[in-house]
Amino acid sequence: MVFVWLTAFFLVVALIVLVIYQLMCLADLEFDYINPFDSSSRINKVVMPEFVLQALLSVLFLLSGHWAMFLLSLPLVYYNYTLYQRRQHLVDVTEIFNQLGREKKRRLFKIVSLIVLLFLSLFWLSGSV
């Protein structure tokens, strides 16, 4: 049981790091520290690993029988799936300045939901020890 919560904790921390990295790239672009091509290529490199880690976290909760945590992580997986289906998961180089506010809001939504998952997994980890 501790192994599941420890794995979930590290997966959530990895997801938070990936989303913060994307937010930092968007902030650097906003303040003109990097050009749009570099920013979008850096963000696009970590989008699919983020989606895979989020799906893996949900599958871990599902297979271990933690239904509440699975149901809490399911909306983010569905959101990622719909972004992928609509082909909106990658950042477009030519439209990045027009979509900067929306992209930052997407990442902030993800970071808030991941922080909730982090605190809940820490709570359950400390309770199972």
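What counts and how
- Residues numbered from 1 in each chain as written.
- Predicted model: local features only at pLDDT ≥ 70, side-chain atom pairs only at ≥ 80, totals over all residues.
- Heavy atoms only, no water.
- UniProt positions renumbered as here; feature names shortened; annotations may be inferred.
- Core = buried A, V, L, I, M, F, W, Y, C linked by side-chain atoms within 4.5 Å.
- Buried < 20%, exposed > 50% of the residue type's maximum accessible area, 1.4 Å probe, protein only.
- Helix = DSSP H or I, 4+ residues; strand = E, 2+ residues; numbered from the N terminus.
- Contact = heavy atoms within 4.5 Å.
- Axes fitted to C-alpha atoms, helices over the stretch in contact; angles between N-to-C directions.
- Left-handed = near helix turned anticlockwise from the far one by under 90°.
- Nonpolar A, V, L, I, M, F, W, Y, C, P; charged D, E, K, R; others polar.

By the naming in an unreviewed UniProt entry, the protein chain goes by Cornichon family protein and is assigned to Miscanthus lutarioriparius. The heading Subcellular location (unreviewed entry) in the UniProt record of the protein chain holds the text "Membrane". Its UniProt record gives the protein chain a comment under Sequence similarities (unreviewed entry), which states: "Belongs to the cornichon family."

Trainee: Lay out the nonpolar core with the relevant residues and their values.
Mentor: Grouped burial of nonpolar side chains is what soluble globular proteins tend to show. Within the largest apolar cluster, 23 residues are counted, with the highest numbers of intra-cluster contacts made by L57, F61 and L114. Per element, the largest residue contribution to this core is ten residues, and it comes from helix α1 (residues 2-30). The residues contacting L114, other than those within four sequence positions of it, are V12, L15, I16, V19, Q54 and L76.

Trainee: Which residues make up the side chain of E103, and what are the values?
Mentor: Following the sequence through the fold, E103 ends up in helix α4 (residues 100-128). Leaving out residues up to four positions away in the same chain, E103 has contacts with L26 and V91.

Trainee: Can you tell me about the UniProt feature "transmembrane region" (unreviewed entry) in the protein chain, naming the residues and giving the values?
Mentor: Within the UniProt annotation, "transmembrane region" (unreviewed entry) is assigned to residues 51-79 and 108-126. Secondary structure content for residues 108-126 is 100% helix and 0% strand, while the C-alpha to C-alpha distance between its ends is 27 Å.

Trainee: Before we move on, could you go through the packing of helix α2 (residues 36-64) against α4 and cite the residues and values that matter?
Mentor: For any two helices packed against each other, the geometry is given by the interaxial angle and the distance between the axes. It is at 14 Å that the axes of α2 and α4 come closest, and there the two elements cross at 35 degrees. Where α2 crosses over α4, the two elements pack in a sense that is left-handed. From α2, I43, V47, E50, F51, Q54 and L57 reach across to α4, where they touch R107, K110, L114 and L117. Residue composition of the contact of α2 with α4, grouped by class: six nonpolar, one polar and three charged.

Trainee: Give a description of unusual backbone geometry that names residues and reports values.
Mentor: Even without a glycine there, the phi angle at D32 is positive, about 65 degrees. Assignment of secondary structure puts D32 in the loop between α1 and α2. Taking relative accessible area as the criterion, D32 reaches 62% and is therefore assigned exposed. Even without being glycine, R87 reaches a positive phi, approximately 60 degrees. Checked against the element boundaries, R87 lands in the loop between α3 (67-85) and α4.

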